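If you want the building blocks of each chain, they are given just below.
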Amino acid sequence: MDPRRRIPRTDVLLASAPVVEARTRLGERRVRAIVDGVLDDARSGALEPEEVVDVVADRLARQRSSQLRPVLNATGVVVHTNLGRAPLSTAAMAAVHDAAGYVDVELDLATGTRSKRGVAARQALLAACPAAESALVVNNGAAALVLATTALATGREVVVSRGELIEIGAGFRLPDLIASTGARLREVGTTNRTHPRDYADVIGPLTGCLLKIHPSNFRVEGFTSGVDLTQLRELAGGLPVVYDLGSGLLHPDPLLPDEPDATTALTEGADLVIASGDKLLGGPQAGILLGRADLIDRLSRHPLARAVRVDKLTLAALEATLTGPLAPVTAALHADADELRTRCERIAVEFGLDVVPHDGRVGGGGAPGVPLPGWAIRLPERLAPVLRAGDPAVLTRVHDGAGLLDLRCVPIGDDERVAAALRTALAEV
Ligand SMILES: *Cc1c(COP(=O)(O)O)cnc(C)c1O
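Residues numbered from 1 in each chain as written. Predicted model: local features only at pLDDT ≥ 70, side-chain atom pairs only at ≥ 80, totals over all residues. Heavy atoms only, no water.

As annotated in an unreviewed UniProt entry, the protein chain is L-seryl-tRNA(Sec) selenium transferase from Calidifontibacter indicus. Per UniProt, the protein chain has the following entry under Catalytic activity (unreviewed entry): "L-seryl-tRNA(Sec) + selenophosphate + H(+) = L-selenocysteinyl-tRNA(Sec) + phosphate". (UniProt positions renumbered as here; feature names shortened; annotations may be inferred.)

Here it is as structure tokens:
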């Protein structure tokens, strides 16, 4: 008998339990494509007819709703730009899940009338940073900067120090971003030194605002000087002083003494601070503006505000990040070195691998010079690509001819998954 006659019939396969379950998760089209693919393999002889049912179930189970694959970040880099910056807290994940359907994002359920969007996230921000009179959330830090310079300085000048004109990654330069608005950039000082008189010389009727930018991804050392917020406040003579902090710390963190924070900046004289939501704040991608109520109001009413507004998922995640448990970014930053060593050793012992001192990094979020002392399991370098391609994908740091597996950014509950990934990878190489 032709073995192909033993291949299960398509309609029988499509009615089987794994296929029915997968249909709600993946949709009819993707399920059909997988079933057809397996049947083609069976017809061509690449699969035994008896394997079809199991292979269909297996391939369906491996499919995810989106092509974005979860990664266990074993690099020790806390805010990892290529891994989507901050991972959300479980509270923020739950909030995103709850907000995914219809929600009262712009409706007062008590009266049935329209309400103001994002009120709860705004309140959470103000509760977390009482130094701010008001707050506004937009799409990301870059959008916040564009909105602020557009609303405060279109047709006028934004005065900024040459030492602060940074490129933020992937070729995006803040000066280009500002120049793309209707404002003109007025650069003062030099790369390493800017003095109060440099500002005083150019501030005048053409000035729209003074902008200070935290050079978050590099450090200038040696013969340097800058103008601090208190001095800028005086020089501004009533013009708005805007400070782009970058990182999103709301309060000082003793671990990162050079990293500016919103509370200190507002207290020292900034009228408006700008920060990202998904760096050290540990929340979703967002641009956060905090400061004087009249300025926030001006920005909110600018037409551009509508083009950079955030969606309900972001608002939900941000609120939950601010009001909920410690964000994973904060936990990873402050992870205890001894505990990291114990976790590494617990895994390493099974494989006879060494545990070595390893410094984590803050990452794309800033603080470029600050090491985060900890430990890593030292692996043969050839394991790194195997771990990366595994399921779950585990990303290690490849350095000095070795793969370094740092558990700082791996949730404690995932240590066993790391061990399992190592077992699989070692069996493969
Ligand atoms: C990261 C950063 C930005 C850009 O913020 P995004 O949220 O990535 O758009 C702007 N300014 C500074 C100082 C930054 O560090």
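Back to the write-up after that little detour.
**A look at the site of the ligand**
Among the 13 residues in the neighbourhood of the ligand, the closest are listed as Ala142, Ser216, Asp244, Ser276 and Lys279. In this structure, Ala142 approaches the ligand through a main-chain N or O atom, which is 2.8 Å from an oxygen atom. Where the shell around the ligand is concerned, the elements lending two or more residues are α7 (141–153) and β11 (241–246). Residue composition of the shell around the ligand, by class: four nonpolar, six polar and three charged. (Near = heavy atom within 4 Å. Polar contact = N/O pair within 3.5 Å; in protein donor to acceptor, adjacent residues only side chain to side chain. Helix = DSSP H or I, 4+ residues; strand = E, 2+ residues; numbered from the N terminus. Nonpolar A, V, L, I, M, F, W, Y, C, P; charged D, E, K, R; others polar.)

**Some thoughts on the UniProt feature "domain: L-seryl-tRNA selenium transferase N-terminal" (unreviewed entry) in the protein chain**
The feature "domain: L-seryl-tRNA selenium transferase N-terminal" (unreviewed entry), as given by UniProt, occupies residues 4–43 in the numbering adopted here. Helix makes up 78% of residues 4–43 and strand makes up 0%, while its end C-alpha atoms are separated by 6 Å.

**Brief notes about the sheet that holds strand β17 (residues 402–405)**
Across the sheet, six strands lie side by side as β1-β16-β17-β15-β14-β2; this open sheet has mixed pairing. Edge positions in the sheet fall to β1 (71–74) and β2 (77–79), since each of these pairs with one other strand and no more. Direction aside, neighbouring strands of the sheet carry axes that sit 40 degrees apart on average. Taken together, the eight bridges between strand β14 (residues 354–363) and strand β15 (residues 371–380) define a ladder with antiparallel strand orientation. (Pairing = 2+ DSSP bridges. Axes fitted to C-alpha atoms, helices over the stretch in contact; angles between N-to-C directions.)

**Quick look at the nonpolar core**
For soluble globular proteins, nonpolar side chains are generally found buried alongside one another. Ranked by size, the top nonpolar core spans 36 residues in total, and within it Leu125, Leu210, Val273 and Leu290 carry the most contacts. The element contributing the most residues to this core is helix α6 (residues 119–128), with four residues. Those residues in contact with Leu290 that lie beyond four places of it in its chain are Leu125, Cys129, Ala132, Ser134, Ala135, Leu250, Ala262, Leu266, Asp271, Leu272, Val273 and Ile296. If you look at the next biggest cluster of nonpolar residues, it comprises 30 residues, including Ala144, Ala148, Leu211 and Ala305. (Core = buried A, V, L, I, M, F, W, Y, C linked by side-chain atoms within 4.5 Å. Buried < 20%, exposed > 50% of the residue type's maximum accessible area, 1.4 Å probe, protein only. Contact = heavy atoms within 4.5 Å.)

**A short note on the pairing of β17**
Both faces of β17 are covered, namely the face carrying Ala402 and Leu404 and the face carrying Gly403 and Leu405. Here four bridges tie β15 to β17, and the two strands are oriented antiparallel to one another. Paired with Ile377 across the strands is Leu405, a residue of β17. In this structure, strand β16 (residues 393–399) lies alongside β17, joined through three bridges in antiparallel fashion. Opposite Val398, over in β17, you have Gly403 as the bridge partner. Hairpin connection from β16 to β17: two residues lie between these consecutive antiparallel strands, with Asp400 at a positive phi of about 55 degrees.

**Let's talk about the sheet that holds strand β9 (residues 184–188)**
Strand order in the open sheet formed by seven strands is β5-β13-β12-β11-β10-β6-β9, and the pairing between neighbours is mixed. Edge positions in the sheet fall to β5 (134–138) and β9, since each has one partner strand and no second. Averaged over all pairs of adjacent strands, the angle between their axes in this sheet comes to 25 degrees, without regard to strand direction. Of the pairings in the sheet, the one linking β11 to strand β12 (residues 272–276) comprises four bridges and is parallel in character.

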